[in-house]
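Commentary on secondary and tertiary structure
Listed here are the chains, written in short residue letters.
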Amino acid sequence: MIALLVLAQLAASSPLDSAYSSPELRTLVARAAAANHAPPQTFGGYRARVESELSLIMRDTLGREQIAQIEQLASSVHWTRGADYDMRVVGYRSQGVGVPYSTLTFVKGWTEPSLYGERLMIGAQFADSTTRRQPPPSREDSIVGVHPLAADRDLYYRFSGGDTIAVLNTSQRLIHVVRIRVTPHLVGSTRLAAFDGELQLDAERGQIVRMRGQFVVLGSSARRRSWVTRIPGIVAVAYCDFVNAEVNGRYWLPASQRSEFQTAFALLGRSRAVMRIVSRFSDYTVDERADTLLAVDDTHRIRHRTAWAPSDSISGFGAWQSPLGSATTEVNANDFDDIAPDVWRATGGVRFDAMPTRASNLVRYNRVEGLFTGVEGSVRMRSVVPGLSASARAGWAWTERTARGGASVSLQRSAWTYGARAERLLASTNDFRQPFESESAGPEALLASIDDFDYVDRRIATGSITKVLGSLSTGIASLQLGVGDDRAERSRLTRGWLGRDAFRPNRGVMSGTYALAIAEVELHPSVSGDFLVPGVGGKLRYEMGNGALRWDRAELSVAARQYWHSITFALHADGGAVFGSVIPPQTLFELGGSGSLPGYTYKEFTGDRAALVRSYASYTLPLWRTPRRVWRAIVLPGLAPGFAAGVQAGWTDLSSAAARTSAAALSVPGIMTPTSQATNGVRATVGAGLTFFGGNVHVGVARAVDHSAPWKFVAGLGQLF
């Protein structure tokens, strides 16, 4: 799917009258083109080591990234001038959280031998959907780009800039680096791609130091375009950041290569799917020939060939240069914001977008509202008033016959963001939610009468101040002040349209108005423990209500994930407390069900004090790690069996008469439903067994340990038993 989206046609600029902004720039580009047509005459080829990470990532609306799959590959590469570029994969390992396929389903090559030549790939050679185990070489399975320094460059590009941006001091000489802005000039109909970005050149030798930008497709036959690329609201971008290093004081060869494919679908909200490929070259051995060697015409497309070492060699490989996940997390999708398509860019003219913050603002289905449909739009002032934006949303709950919606405005100044919002929403009272977890029921309510949420009708108006602590990957701090009004809701549906089971009643709440203050600090927000970003993160939140409803509520979350050789450890712990002489039921903590404490019934436990811990440890055996093609282009990560154990534990306490009175109010009057209670100690489930496909699948046994219980067979996706 990602490979198809990358082929979407992107907007291009209109042609200029001249290809160069100045005669001096024309001379500089011509000299660089001559130098980059082919490597120097003494260059015969090279051997090197390459370590790559291919990852699948979800980026949320704030720019935080959650990694769903990482595959790390160690390779030896050999390029002979005028011949093929051979890559031999000698090591492979992976981690995943429920992704049923390998990124190698989409790509069959992921590095470029050099930036010399007339044509180049976009950093990844895509696999054709008709590929079999032994596919013939094909020129239709990848996007070929016109090199911005090609002999026919004037047909495809316009050039500007030429200023010196850096001076590099090596042991042999000073290198003046100049920057040239390259803009596509689109003509004709061809499947060729064009580069849109900047070149950084060694001013003395005319060699490429860095190439950073995006690729746009010049044109293609309508019959060859996938239906996916024609869906309105899809934005697909292929970025690259290729950095060269001077080897042996003579040749500019790859040091690192990053290719990134970002896609978004307006109807699914403002999150993006990202496929990231980061490769690092090292240990060069250059084949140098005599100065009399004739220059080889390198204008043809170099054929990439990828081979794999025997399975036992790949499984036993241990000479990794970087920890798993480090190459992926050292960069961020926001790095390309300055060259992003207009819909994502913070600069430009005023822009209006009919794009939801999340898909549930457009359509959702739950037992309180029934079917809800809505619209959402936003305006960003961008360069007119930098950082200023506003949005509004409205919709109608057809069964409830109620309108909901709101409006917000924000102003960003450097690391600070100031905002205000007013909204009527159906808020969920669920606790300790995981990243990207929905805030209301979805198709499962419609199809199976499953609605594992409880709701409160909330009207709220707040002002906020948010500060990014260095970078989004480092931390975020925020303060909100405002007023609110909570009102009880009830289930209006008996069952879903296709479901046979009855919906449960919506839990009781206390109605009333209040002044609201919320302070929150989040460190390393991309580290959740549940996804694959390594490191340690945490969040502290304090919430206070004062008025007809009064409460104080504190929450602390700690998350960690670490990889050490073949061992993986992950942890996510949450804890909280509510204080007050009269505690609104909607502020209590509730545990039980698949989202928290599996093996117990839905929200079986409640309390004004609560803690929830999910932990996991695994060891992957050095066996069968080579990915396997199973059907057509579908590739699975290596079977990679391993051992794993996990613990999920929870605790709640009703520490006061106010808390016990509040817990009793969760039951709906007149409806016989069990009252949630304290856990009376720690309730825990342990599991152990085998994992496969880098942790994507588990099979084993689990049992409760807080009371006498039999072991049960368990199997499923993900890493927790």
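Numbers given for residues are sequential positions, taken from 1 along each chain in its written order. Where local features are concerned, this predicted model is filtered to residues with pLDDT of at least 70; where side-chain atom pairs are given and counted, the filter is 80 or more; whole-chain, interface and lining totals use all residues. Side-chain metrics rest on all non-hydrogen atoms present in the structure, leaving aside hydrogens and water.

Check the secondary structure of the protein and you find 6 helices and 36 strands. Among the 721 residues that make up the protein, the fraction classed as buried is 51%. Once local pairs closer than 6 in sequence are excluded, the contacts in the protein between residues at least 24 apart make up 67%. Here the Shrake-Rupley method, with its probe set to 1.4 Å, supplies the accessible areas, and only the displayed protein chains count as covering residues. Of the accessible surface of the protein, which amounts to about 30900 Å², a share of 59% is contributed by carbon and sulfur atoms. Helix and strand assignments follow DSSP, with helices taken as H or I runs no shorter than four residues and strands as E runs no shorter than two, numbered in order from the N terminus. Exposed residues in this analysis have more than 50% of their type's maximum accessible area, buried residues have under 20%, and partly exposed residues fall in between, with area computed by a 1.4 Å probe over protein chains only. Should any heavy atoms of two residues lie within 4.5 Å, those residues are counted as being in contact.

Before going further, it helps to examine the pairing of strand 19 (residues 388-397). Pairing between two strands is assigned when DSSP locates at least 2 bridges connecting them. Across 9 bridges, strand 18 (residues 370-380) lies against strand 19 in antiparallel orientation. Residue pairing in the sheet places Gly377 in a bridge with Ala392 of strand 19. Strand direction decides the pairing type here: strand 19 and strand 20 (residues 402-413), joined by 10 bridges, are antiparallel. Its bridge partner being in strand 20, Arg393 is matched across the sheet by Gly406. Remark: 4 residues form the turn of the hairpin made by strand 19 and strand 20, two consecutive strands paired antiparallel; Arg401 in that turn has positive phi of roughly 55°.

So, on to the pattern of salt bridges. For this document, the term salt bridge refers to a Lys or Arg side-chain nitrogen within 4 Å of an Asp or Glu carboxyl oxygen. In the structure shown here, the tally under the stated rule is 50 salt bridges. For the salt bridge of Glu246 with Arg205, the shortest nitrogen-to-oxygen distance reads 2.7 Å. Here Glu246, found in strand 12 (residues 234-247), pairs with Arg205, found in the loop between strand 10 (193-202) and strand 11 (208-217); they are 41 residues apart in sequence, far enough to count as distant. We note a salt bridge from Asp457 to Arg424, for which the minimum N-O separation is 2.8 Å. Here Asp457 is found in strand 22 (residues 455-468), whereas its partner Arg424 is found in strand 21 (residues 416-428), with 33 residues between them in sequence. Its relative accessible area of 23% is what places Arg424 among the partly exposed residues. Residues joined by salt bridges that share partners form a network here, namely Arg364, Glu369, Glu400, Arg404, Arg424, Asp457, Arg459, Glu489 and Arg492.

Let us look at helix 6 (residues 657-664). Every buried residue of helix 6 is accounted for by Ala658, Ala659, Ser662 and Ala663. Projected onto a plane normal to the axis of helix 6, the buried residues spread over an arc of 135° and lie on a single side. Contact partners of the buried residues in helix 6: strand 29 (605-607). It is the directions from the helix axis to the C-beta atoms that the arc portrays.

Once that is clear, we can look at the side chain of Asn361. Positionally, Asn361 belongs in the loop between strand 16 (351-353) and strand 17 (363-366). N or O atoms within 3.5 Å of each other form a polar contact, as long as, within protein, one can give a hydrogen and the other can take it, and as long as residues adjacent in sequence are counted only when both atoms are side-chain atoms. Only 2.9 Å separates the side chain of Asn361 from the side chain of Glu376, close enough to count as a polar contact. Residue contacts for Asn361: discarding those within four places in its chain leaves Pro356, Phe372, Gly374, Val375, Glu376 and Arg393.

Let's shift gears to the packing of aromatic side chains. Ring pairs are drawn from Phe, Tyr and Trp, using the six-membered ring of Trp, whenever the two centres fall within 6.5 Å, and their geometry is named by plane angle: stacked under 30 degrees, edge-to-face over 60, tilted for the rest. In the structure shown here, the tally under the stated rule is 18 aromatic pairs. Taking the centre distance of 5.8 Å and the plane angle of 65° together, the rings of Phe195 and Phe215 count as edge-to-face. Taken together, the residues span a long stretch of sequence, with Phe195 in strand 10 and Phe215 in strand 11 at a distance of 20 residues. Between Phe317 and Trp320, the aromatic rings sit 4.9 Å apart at their centres with planes inclined by 85°, giving edge-to-face as the arrangement. Of the two residues, Phe317 and Trp320, neither departs from the other in class, the shared state being buried. Among the aromatic side chains, those forming a connected cluster through ring pairs are Phe43, Tyr46, Trp79, Tyr251, Phe281 and Tyr284. Charges are assigned to positions over rings by a cutoff of 6 Å between ring centre and Lys NZ or Arg CZ, combined with an angular limit of 35 degrees from the ring normal. Sitting over the ring of Trp344, Arg272 keeps its end group 3.8 Å from the ring centre. The aromatic ring of Phe372 is capped on one face by Arg364, whose charged end is 3.7 Å from the ring centroid.

Attention shifts here to a nonpolar patch on the surface. Patch membership requires over 30% relative accessible area and the absence of a salt bridge. Like charges are linked within 9 Å, and nonpolar side chains (Val, Leu, Ile, Met, Phe, Trp, Tyr) within 5 Å. The grouping of Trp416, Tyr418, Ile465, Leu479 and Leu481 at the surface amounts to a nonpolar patch, some 450 Å² of accessible area in total. Only strand 21 and strand 23 (475-487) provide two or more residues apiece to the nonpolar patch. We classify Ile465 as partly exposed; its relative accessible area is 36%.

Geometric values such as these leave the question of function open.
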